[in-house]
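Notes for the structure review
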Amino acid sequence: MNKYDFIIVGSGISGLNFALNIANKGRVLVVTKKKIIDSSTNYAQGGIAAVLDKLDNFNKHIKDTFVAGSYHNNKKAVNFMIKKGPKLIDRLLNLGVKFSNEQNKLQLAKEGGHSMRRIAHVGDRTGHSIEKVLISNVQKNKNITIWENTFAIDLLVKNSTCYGLQILRNGEVKNLFSSAVILATGGLGQVYKHTSNPSISTGDGIAIATRAGAKTEDMEFVQFHPTVLNLPQKKRFLLSEALRGEGAVLKNYQGKRFMKKYDKREELAPRDIVSRAIFKELKKGPVYLDISHKPASRIRKRFPYITKELKKRGLDLTKQKIPISPAMHYMCGGIKVNLHGQSNIKNLYAFGEVACTGVHGANRLASNSLLEAIVFSNQIIKSVEVKKISTVPKFKKFKPKKCKCPSSKYVKSVVKKVMWDNVGIVRNVDDLKKTLEKLKKLDEKYKVQILNQTDFETRNIIQTALLITKAALKRKKSLGCHFII
Ligand SMILES: Cc1cc2nc3c(=O)[nH]c(=O)nc-3n(C[C@H](O)[C@H](O)[C@H](O)COP(=O)(O)OP(=O)(O)OC[C@H]3O[C@@H](n4cnc5c(N)ncnc54)[C@H](O)[C@@H]3O)c2cc1C
């Protein structure tokens, strides 16, 4: 029997930070479906928000978080997260993250919805730096085993107690047993046609947990990032909100700024407001992000990664306006957990984007997600005790089913399109109802036919899409990123 004290699914900031924290309490196994570095964390550009400046204070950060979240936030969780923020930045510094600084002081950026400069960053590749540092620390730890290319299929749950995890590894299904399973599987951008998320973000954790009986919350609050590069037939690429923090403006097809019409905070209004404004302007023609009025040397120094990536695509950030559109970016809801990451299933925990602590309310404040992931994955130490795994119930291994069902490629493209068209930035009840029926039929018809990751991911994409659509139908009035007409 394969036994570990803790099995963590996912190797982003929340999974790896938890692994480092818990490793002195028992044997830890981290399973991750691609390479260890493959995560949303690795792509985070802007940074991590915390109260780090003398002129700033906790109340201001708390208020900004509430305003962005339309006061739908869990007050206790917001207080908890924001007050722990500065200590967690210290932790990252101690682990080896080299945040950008000026004259021995952290250089703090500003982003939409923040009343102060409070985003600690490493140039414009903050997530990559954090991920590298966490990986190097985890790899040095003898109590942590890492299995790459290992896919979590389902939880082993009986009578609302989690005993372990069923995985797909080297083409074989295996049951692994543990004192606790921690889902740190990140987001679900791949449920939508256009997304800033990497290919790993297929909503697996949410679907897996729901099949096992875990509760979800706030699934209707899908955040669309306003400024994602929009070139026909090209993969989307995020243009960090920090660009607007440094003075980039939005322009319509006539080359005119338009945000004043929508919000007095203009380009730095919360993301839901900016995304809807762009969505409306796009009906008239292309929309652009423009920072070319700022000194070229400053742009190159502050945004080296974005400048380079745009150059590869034939665009010059220092000289021209860049075509953009909103794209699915972040799931504000997820598996319902308490402050210690505990779900309603015994021995099942969730951290990071897959979890819903309630901190984001109806719309996440920029750069609060890396903060949430690191703060909450630090807390489990207090709540989990290593127990001797004695007898465990019997669990069947997953068997694929032969059927005349549509291919996973086809099903994924149908779900992504219908979610983008009908469960996107602006929603209406009729389209939501039609979408629900379509997804239900797909869920009934679609079967995992062969033991490969894509088939499992497709099942998870359909089921996650269903959860979002059901939640969107339940909320009759617009709130935050759920906008319904
Ligand atoms: C382009 C981009 C820019 C961003 N910029 C910022 C920013 O500046 N500031 C900020 O606060 N937030 C930002 N975010 C959001 C933030 O990066 C994420 O919310 C955060 O990194 C999530 O961390 P995580 O540990 O929860 O998940 P992830 O980092 O996504 O890690 C999830 C892990 O789970 C693994 N996994 C998933 N399913 C399975 C499965 N079935 N079996 C095995 N393994 C599995 C994945 O392979 C991956 O290793 C950004 C996101 C994107 C996409």
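Residues numbered from 1 in each chain as written. Predicted model: local features only at pLDDT ≥ 70, side-chain atom pairs only at ≥ 80, totals over all residues.

**Structural notes on the environment of H340**
By the secondary structure assignment, H340 is in the loop between β17 (334-336) and β18 (348-350). The exposure class assigned to H340 is partly exposed, which follows from the 15 C-beta atoms found within 10 Å. (Helix = DSSP H or I, 4+ residues; strand = E, 2+ residues; numbered from the N terminus. Buried ≥ 20, exposed ≤ 12 C-beta atoms within 10 Å, placed from the backbone.)

**Thoughts on the domain arrangement of the protein chain**
As assigned here, the protein chain comprises domain 1 (2-220 + 332-382), domain 2 (228-327) and domain 3 (408-474). Summarising the inter-unit geometry, the C-alpha centres of domain 1 and domain 2 are found 28 Å apart. Each side of the interface is counted separately: domain 1 has 18 residues, and domain 2 has 19 residues. Across the side of domain 1 that touches domain 2, the residue classes tally to 4 nonpolar, 10 polar and 4 charged. (Domains from an automatic or database assignment. Contact = placed C-beta atoms within 7 Å. Nonpolar A, V, L, I, M, F, W, Y, C, P; charged D, E, K, R; others polar.)

**With respect to unusual backbone geometry**
Positive phi values are uncommon outside glycine, yet Q103 reaches one of about 45 degrees. Judged by local crowding, Q103 falls into the exposed class, with 5 C-beta atoms found within 10 Å. The backbone phi angle of N347 is positive, close to 70 degrees, even though this residue is not glycine.

**Re the nonpolar core**
Grouped together as the largest cluster of nonpolar side chains are 133 residues, with contacts concentrated most on I7, I8, A19, I182, I335 and V415. Per element, the largest residue contribution to this core is 8 residues, and it comes from helix α13 (residues 453-474). (Core = buried A, V, L, I, M, F, W, Y, C linked by C-beta atoms within 7 Å.)

**Digging into the site of the ligand**
Around the ligand, a shell composed of 43 residues is seen, among which G10, G12, G46, G186 and G352 lie nearest. Residue assignment for the shell around the ligand shows that the elements contributing at least two residues are α1 (13-22), α4 (126-140), β9 (150-158), α5 (204-211) and α10 (368-376). Each residue belonging to the shell around the ligand can be placed in one class, and the counts come to 15 nonpolar, 23 polar and 5 charged. (Near = placed C-beta within 6 Å.)

**Examining helix α11 (residues 408-422)**
End to end, α11 covers 21 Å across 15 residues, agreeing with the expected 21 Å (1.5 Å per residue, within 8%). Within α11, burial applies to S408, V411, K412, V415, V418, M419 and N422. All buried residues of α11 project into a common sector of 145 degrees when viewed along the axis, lining one side. Exposed and oriented more than 90 degrees from the buried face of α11 are K409, S413, K417 and D421. On its buried face, α11 sits against α12 (429-445) and α13. (Expected span 1.5 Å × (residues − 1). Arc of directions from axis to C-beta.)

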